[in-house]
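Fold and contact review
The lines below spell out each chain.
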2 protein chains.
Amino acid sequence: MNEQELLTNELLQFVGLAQMEVIPGQPVQNLQTALALVAKARDAGVQLLALPELCLSGYMIGDLWEEQSFVNDCVQAGHDLVQASQDMVLVFGNVALEPGAVGEDGRPRRYNAAWLAQNRTLVRNPWTGFDFIPKTLLPNYREFEESRHFYDLRRLALERGVNLYDLCGEHSVSIAGHAVKLGVILCEDGWGEDYGVHLVKHMASRNADLVLNLSASPYTRGKDDKRNRVFSKLASDYRTPIGYVNCIGSQNNGKTFFGFDGCSTLYNARGEIAAGAKPWCEQILTTSTTLKPSANQAAERVDTISPWASAKTELVPADVHTLVEVITRYLARARISRVVIGVSGGVDSAVSAALFTHICGPQNVLLASMPSAFNSATTKNLAHDLAQNLGCFFVEVPIGESMDLTKRQIDGLEAQSFAGNASITLSLSAFHLENVQARDRSSRILSALASAFGGVFTCNANKAEATVGYSTLYGDHGGFLAPLADLWKNEVYALGSYLNRDVFKREVIPVGIFSIKPSAELSTAQNPEQGGGDPILYAYHDRLFHAWQQAWRRSGPEEILTWYSQGILEAKLDLPRPISDWFPTAHEFIADLERWWNLFKGMGVVKRVQAPPIVALSRRAFGYDYRESIMAPYFSRNYFRIKAELLSR
Amino acid sequence: MNEQELLTNELLQFVGLAQMEVIPGQPVQNLQTALALVAKARDAGVQLLALPELCLSGYMIGDLWEEQSFVNDCVQAGHDLVQASQDMVLVFGNVALEPGAVGEDGRPRRYNAAWLAQNRTLVRNPWTGFDFIPKTLLPNYREFEESRHFYDLRRLALERGVNLYDLCGEHSVSIAGHAVKLGVILCEDGWGEDYGVHLVKHMASRNADLVLNLSASPYTRGKDDKRNRVFSKLASDYRTPIGYVNCIGSQNNGKTFFGFDGCSTLYNARGEIAAGAKPWCEQILTTSTTLKPSANQAAERVDTISPWASAKTELVPADVHTLVEVITRYLARARISRVVIGVSGGVDSAVSAALFTHICGPQNVLLASMPSAFNSATTKNLAHDLAQNLGCFFVEVPIGESMDLTKRQIDGLEAQSFAGNASITLSLSAFHLENVQARDRSSRILSALASAFGGVFTCNANKAEATVGYSTLYGDHGGFLAPLADLWKNEVYALGSYLNRDVFKREVIPVGIFSIKPSAELSTAQNPEQGGGDPILYAYHDRLFHAWQQAWRRSGPEEILTWYSQGILEAKLDLPRPISDWFPTAHEFIADLERWWNLFKGMGVVKRVQAPPIVALSRRAFGYDYRESIMAPYFSRNYFRIKAELLSR
């Protein structure tokens with residue numbers, strides 16, 4: 001260990017990272033949280049405390065940024081927080097205004113910024129002349145849309161006609177009697193590879209003693225591991241410690257709920273993790289208080305245990321943790337304590353029931369079985385057993401009488417025309433009646449049960465169903481939240497077995513629910529006791545839809561058909577069986593492919609527009625993370641060429 | 001007229017602007033449209049033809065940009081279009097790829113670009129070295145999110161470390177034997193004031209003979225007039241003619257449907273309109289074929305004619321035109337020809353019925369009256385008269401029997417708990433039963449009627465209701481489209497009178513519908529015959545909600561209360577009566593303000609997440625034009641100060 005390293009390690013002992021819970025849109029409340037953490041850090045001997053990005057306003061607050069009285073309160077809260085920096089250096093994320101300047105939307109110019117304060121005074125930024133440090137790189141992909149709300153350092157450089165790196169660099173503060181050079185960056189600024197902007201390198205070249213990265217980074221499966229790799233490498237490449245501080249909590253953009261899991265980390269100048277915060281815990285992280293967390297735990301995948309699912313699941317325990325924390329916070333903030341779940345005896349509703357029972361307690365969960373003539377004894381018994389195992393409230397409300405009434409009122413009804421003497425007789429087909437059943441269950445029974453129970457009801461759709469819109473609008477499509485809609489069917493099975501084994505530590509979800517064939521049971525053809533069931537073949541379609549929607553490199557019909565024609569589809573999609581087991585001929589394979597692609601890009605989108613919010617776990621949840629227009633589905637020119645070739649073989 | 005002007009005017013005779021209908025996501029189809037327009041232009045003697053921005057891909061296509069096979073087809077279609085440029089200069093908007101480079105999302109780098117071709121060859125861009133002209137300014141406000149999808153010239157300038165203006169300038173082509181200098185910009189590039197970027201000025205300083213602006217500009221009330229002012233001024237300030245070419249058609253981002261109205265315009269070097277295309281018409285605009293449209297027509301406002309509405313409406317005839325064109329295209333592309341509308345005898349459903357009858361014809365519209373014990377004879381008769389006037393199909397399906405069934409099944413139901421011997425008795429309150437009625441109408445009856453009639457059903461919510469979520473989820477909140485949800489109640493009245501007077505030219509909507517008090521008629525207290533009705537006082541709340549949501553300068557509770565305390569609220573909101581007529585005391589005023597603000601920011605958002613798509617007309621339609629998170633409503637510090645002051649007076 002050389003002299004520089006010794007100095008750095010001494011410095012790190014005085015550093016604290018405040019892993020703070022942030023409530024979006026509540027600057028006054030967040031200020032109180034921040035002040036309490038500052039006091040706690042001071043007691044612990046911290047002399048340099050970093051708080052997360054936008055920790056006073058919240059990060060995902062939609063167009064609330066356009067309300068000036070709100071922004072003014074955030075700024076005022078920032079100044080109030082500065083007043084807590086006596087004998088201490090505070091750096092925190094907050095919005096900042098550039099007086100007299102407008103943003104590109106014509107409104108007062110806002111920055112996503114770091115505020116740096118010492119001894120109750122803002123440290124002037126010598127690089128920009130501002131009293132704050134602007135964020136350089138604004139992400140505009142997935143759920144991010146920062147350019148919508150903020151100006152940034154790159155645009156400022158263009159406006160001023162100067163080099164970007166001339167507008168940023170180290171900031172001098174005094175810590176424990178030492179003059180310390182701080183590099184302060186915000187979230188995306190640490191991930192500059194695709195932007196060709198290298199801020200940690202720049203700070204290191206200016207001899208920064210420490211780079212602080214203030215973040216508001218939503219949970220995505222695998223992201224924590226990736227960040228450890230990227231930031232460890234940056235720290236060791238440039239021999240500069242990095243303090244990464246992230247908030248905790250649940251934030252959303254309406255359609256999609258995200259978990260902020262914290263996982264704040266201090267990387268030393270060798271790139272080692274000097275300290276790591278526990279996920280989802282509000283805490284002051286210092287080198288002395290916290291141990292390095294086990295790095296591999298989050299990477300263990302939860303197995304699927306059903307003959308109806310593909311073997312490959314991506315579910316990890318951190319997903320379950322995120323689901324639970326996000327749902328818990330949503331319920332608490334909306335003051336919802338009771339939940340109604342329609343249980344069919346299938347796995348989706350069973351997992352939903354177990355999840356909410358874990359979160360709310362069985363005394364706050366009402367399970368409703370709503371049988372028709374089409375429901376088998378097997379599934380009815382499974383639903384009953386599930387309720388018994390969980391200890392929830394249970395009711396059975398049959399839908400037969402209502403079905404008869406609707407049929408009687410509509411089927412055969414004469415609609416009279418006022419133009420001429422025309423009239424038409426309305427009729428409901430068997431398919432129409434399937435939808436009538438689904439709507440009766442959700443919009444009539446579950447909605448009324450939720451009112452009467454004093455709560456809400458859930459949407460139990462999985463991601464495969466959500467992808468192709470295999471659900472009825474105002475029927476099983478409805479609900480206050482769709483907690484499983486970012487999990488493929490195999491991951492729902494995996495979540496079910498995880499809940500049994502690791503959460504309840506007993507078989508609350510009966511084993512029969514894992515082994516019965518998935519079915520909506522809306523017609524005699526869908527009787528799972530007789531081999532009937534869903535048209536979605538999850539062991540294949542889960543993987544197909546994943547390739548279409550969730551894989552980094554999208555693979556649409558053109559790519560899928562190319563692989564099929566080359567005989568490498570099984571390898572590409574990691575299928576458990578040869579594709580010909582499902583589709584003996586190219587004709588059948590193509591018909592299936594087009595059917596689902598048309599639904600995915602057609603009615604699927606239409607239905608998602610009116611879908612409940614979901615909890616994002618994967619890279620690409622539906623909603624604001626994956627934006628869609630209602631359009632005719634597209635098949636590429638090459639697709640038609642390959643198809644013609646295959647069908648003429 | 002000097003020599004330069006003569007030359008310019010001669011040049012303009014050879015210029016054509018192709019106001020093309022663009023189908024989003026269909027490059028092969030759009031290519032065919034473009035080729036047909038090129039042929040038509042050639043026949044008309046056009047030697048320089050400009051087509052709109054992204055005219056092959058479409059503009060609002062969500063994350064379809066991430067599908068490489070789609071992008072490849074757009075590029076291929078571009079090359080196919082280039083092949084049509086023999087003896088002609090073609091410039092058209094299309095996506096362009098920069099080989100080997102990645103965008104900031106890590107995917108292949110895409111530009112929103114202009115392709116310039118002559119004699120079947122792309123004209124090399126001397127400023128960038130590319131074969132295309134990148135867009136400089138990417139809008140990221142309202143419904144726009146171009147930085148999500150595209151790289152741009154400003155970022156390229158930063159990356160290359162050069163001045164922005166060194167990367168753009170005139171392009172030399174040959175037209176009618178003359179060497180001509182073209183400036184080519186894309187949409188937002190012409191609106192650079194807030195960006196501090198002045199491309200028309202730059203092109204003029206480089207002696208451009210003509211600046212072409214290729215656009216994909218969605219309709220917003222008043223925007224066409226504003227563009228005429230801005231572009232006329234640019235043309236005359238810099239003595240350079242500007243050709244503005246916009247597409248026509250309907251595009252959406254899932255939640256919000258936008259109309260692209262064309263209104264392509266050629267401004268001469270004096271800033272005069274040399275030629276203007278008709279809105280919503282596919283055509284080749286040249287100086288010889290088209291007259292200058294009347295500029296003032298679009299600015300005439302349609303009056304409100306109801307005692308329940310405020311006097312001030314913003315509705316203009318172009319809004320109605322946009323509504324009709326957008327809905328027509330949505331129905332055609334979704335292959336929907338028949339529409340079911342629940343009619344209550346109130347104005348919203350009546351206007352919806354008249355609008356769809358105008359669009360689909362009475363033989364394709366089924367009006368359904370769904371009375372309960374709470375519906376007055378007056379409104380039932382009005383609904384019947386409406387159907388008669390329109391000549392639609394009509395049915396009456398009462399909800400009483402279903403209400404009784406739901407009450408019998410749920411109210412008083414014992415829910416047994418499996419934990420211990422607890423049980424609870426469920427009960428439905430009068431308020432719960434209001435929602436049961438609304439859900440029964442939409443999710444049971446209208447949904448089934450739509451199935452049986454072979455069509456869809458509508459959501460008839462107006463913008464005031466949409467703002468505060470005054471609707472029942474899966475009840476009147478549901479529908480395939482909410483065509484009126486960007487119109488305040490007074491604008492719905494105005495639209496109704498416009499349909500009567502200017503479209504049907506007779507009183508299809510009975511006058512009684514304009515004069516009856518708005519009411520949901522879900523309880524005896526809401527009997528409009530006895531003065532009961534909606535809790536929304538439209539003459540005031542329309543204006544209040546407009547200030548909160550739609551006005552350029554948002555005015556939340558802090559601003560409203562400030563104006564109230566200063567006695568200037570009536571002037572600020574343009575109220576027809578003193579506020580004390582509605583709220584005699586500050587206490588009542590504040591209670592009302594907080595009630596609706598809490599709903600607007602609370603349940604209103606929750607409901608909008610699951611709302612049907614709407615048609616955008618105003619500046620700030622709900623959906624992707626106005627982004628929201630589910631959060632606790634916020635009242636600013638100043639608000640509480642002013643409130644305390646007022647209440648202690």
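Residues numbered from 1 in each chain as written. Chains lettered and ligands numbered in written order. Predicted model: local features only at pLDDT ≥ 70, side-chain atom pairs only at ≥ 80, totals over all residues.

**Some thoughts on the overall build of chain A**
A tally of regular secondary structure across chain A gives 21 helices and 22 strands. The C-alpha radius of gyration computed for chain A amounts to 28 Å, which stays within 12% of the reference 26 Å derived for 649 residues, consistent with globular compactness. Counting only C-alpha atoms and orienting by the principal axes, one finds that chain A spans roughly 85 × 60 × 60 Å. Taken over 649 residues, chain A has a buried fraction of 61%. Here the analysis covers contacts within chain A between residues at least 6 apart in sequence; of these, 70% occur between residues at least 24 apart. (Helix = DSSP H or I, 4+ residues; strand = E, 2+ residues; numbered from the N terminus. Rg over C-alpha atoms; globule rule 2.2 N^0.38 Å. Buried ≥ 20, exposed ≤ 12 C-beta atoms within 10 Å, placed from the backbone. Contact = placed C-beta atoms within 7 Å.)

**Describing the sheet that holds strand β11 (residues 248–252) of chain B**
The pairing of strands in a sheet comes from backbone hydrogen bonds and takes either a parallel or an antiparallel form. All names here are of chain B. A sheet is described by the order of its strands in space; here three strands give the open sequence β11-β12-β22, paired in mixed fashion. At either margin of the open sheet sits one strand with a lone partner, and together these are β11 and β22 (614–615). With two bridges connecting them, strand β12 (residues 256–261) and β22 associate as parallel partners. Bridged to Phe257 within β22 is Val615. The sheet strands contacting helix α7 (residues 317–333) are β11, β12 and β22, and the helix crosses β12 at an angle near 115°. (Pairing = 2+ DSSP bridges. Axes fitted to C-alpha atoms, helices over the stretch in contact; angles between N-to-C directions.)

**Some remarks on the relation of the copies chain A and chain B**
It takes a turn of 180° to lay chain A on chain B, together with a shift of 0.0 Å along the axis; the resulting RMSD is 0.0 Å. The superposition of one copy onto the other is thereby described by a two-fold rotation axis. The C-alpha atom lying nearest the rotation axis in chain A is that of Gln610(A); the distance is 2.0 Å. Interface overlap between copies is the fraction of interface residues in one copy that are interface residues in the other; for chain A against chain B it reaches 100%, indicating a shared surface. (Least-squares fit on C-alpha atoms with pLDDT ≥ 70 in both.)

**Let's talk about the domain arrangement of chain A**
Many authors give the size of an interface as the accessible area that is lost as the parts come together. All names here are of chain A. When cut into domains, chain A gives domain 1 (3–299) and domain 2 (317–648). Put simply, the middle of domain 1 and the middle of domain 2, counted by C-alpha atoms, are 40 Å apart. On the domain 2 side, the residues contacting the 19 residues of domain 1 number 19 residues. Those elements giving two or more residues to the side of domain 1 that touches domain 2 turn out to be β11 (248–252) and β12 (256–261). For the side of domain 1 that touches domain 2, the element with the most residues is β12, which contributes five residues. Residue classes in the side of domain 1 that touches domain 2 are distributed as six nonpolar, eight polar and five charged. (Domains from an automatic or database assignment. Nonpolar A, V, L, I, M, F, W, Y, C, P; charged D, E, K, R; others polar.)

**Focus: the interface of chain A and chain B**
Taken together, the contact pairs 100 residues of chain A with 100 residues of chain B. The element best represented in the side of chain A that touches chain B is helix α12 (residues 430–453) of chain A, accounting for 13 residues. Two elements, strand β19 (residues 414–417) of chain A and strand β18 (residues 393–396) of chain B, share two bridges in a ladder whose sense is antiparallel. Bridge pairing in β18(B) places Gln416(A) opposite Phe394(B).

**A closer look at the sheet that holds strand β16 (residues 339–342) of chain B**
Strand order in the open sheet made by the six strands is β20(A)-β19(A)-β18(B)-β17(B)-β16(B)-β21(B), with mixed pairing throughout. This sheet does not close on itself; its edge strands, each paired only once, are β20 (423–425) of chain A together with β21 (456–457) of chain B. Across the sheet, helix α11 (residues 430–453) of chain B touches β16, β17 (365–369) and β21 of chain B, and the angle it forms with β16(B) is around 155°.

**Some points on helix α13 (residues 489–504) of chain B**
All names here are of chain B. Along its 16 residues, α13 runs 21 Å from first to last C-alpha, staying within 8% of the 22 Å computed at 1.5 Å per residue. At Tyr498, α13 is deflected by roughly 30°, the largest bend along its length. By the criterion of burial, α13 is predominantly enclosed, with 12 of the 16 residues buried. All buried positions along α13 are accounted for by Lys489, Asn490, Glu491, Val492, Tyr493, Ala494, Leu495, Gly496, Ser497, Tyr498, Leu499 and Asn500. Tucked into the core, α13 has its buried residues touching α7, α8 (347–360), α12 (463–468), α14 (511–515) and α15 (538–549). (Expected span 1.5 Å × (residues − 1). Bend = angle between axes of the 7 residues up to and from the residue.)

**Some words on the nonpolar core**
Counting residues in each nonpolar core, the largest one holds 420 residues, and the members touching the most others are Leu449(A) and Leu449(B). Setting aside anything within four residues of it in sequence, one finds Leu449(B) in contact with Ile410(A), Leu426(A), Val340(B), Leu366(B), Ala368(B) and Phe457(B). (Core = buried A, V, L, I, M, F, W, Y, C linked by C-beta atoms within 7 Å.)

**A word on the packing of helix α5 (residues 153–160) of chain A against helix α4 (residues 153–160) of chain B**
Closest axis-to-axis distance for the α5(A)/α4(B) pair is 11 Å, and the angle between their directions is 80°. Put simply, α5(A) runs roughly perpendicular to α4(B). Residue-level inspection shows Arg154(A), Ala157(A) and Leu158(A) of α5(A) in contact with α4(B), the latter providing Arg154(B), Ala157(B) and Leu158(B). Partitioning the contact of α5(A) with α4(B) into residue classes produces four nonpolar, no polar and two charged. (Parallel < 35°, antiparallel > 145°, perpendicular 65-115°, else oblique.)

**With respect to the environment of Pro398(B)**
Residues and elements named next belong to chain B. Among the secondary structure elements, Pro398 is positioned in the loop between β18 and α10 (400–410). For the pair formed by Pro398 and Arg227, sequence separation is 171 residues and the distance between their alpha carbons is 51 Å. Setting aside its immediate chain neighbours within four residues, Pro398 contacts Met370 and Pro371.

**Considering the pairing of strand β7 (residues 171–175) of chain B**
Residues and elements named next belong to chain B. The two faces of β7 differ: His171, Val173 and Ile175 on one face are buried, but Ser172 and Ser174 on the other face are not. Relative to strand β8 (residues 178–186), β7 runs antiparallel, the two being bridged by five bridges. Bridged to Ser174 within β8 is Ala179. Taking the residues between adjacent antiparallel strands as the criterion, β7 and β8 are bridged by two residues, where Ala176 takes a positive phi near 50°.

**Some points on the environment of Glu491(A)**
Residue and element names in this part refer to chain A. With respect to the secondary-structure elements, Glu491 resides in helix α14 (residues 489–504). For Glu491, a count of 29 C-beta atoms within 10 Å corresponds to the buried category. The sequence separation of Glu491 and Leu315 amounts to 176 residues, and the corresponding C-alpha distance is 5.8 Å.

**A closer look at unusual backbone geometry**
Its identity is not glycine, yet Cys263(A) carries a phi of approximately 60°, on the positive side. You can see Cys263(A) is positioned in the loop between β12 and β13 (265–267). In this model, Asn119(B) sits at a positive phi of 50°, which is unusual for a non-glycine residue. Relative to the helices and strands, Asn119(B) resides in the loop between β4 (108–118) and β5 (121–122). The class of Asn119(B) is partly exposed, set by 13 C-beta atoms lying within 10 Å.

**Quick notes on the environment of Arg124(B)**
For Arg124(B), the location among the structural elements is in the loop between β5 and β6 (133–134). As a C-alpha pair, Arg124(B) and Ser172(B) span 48 residues in sequence and 9.9 Å in three-dimensional space.

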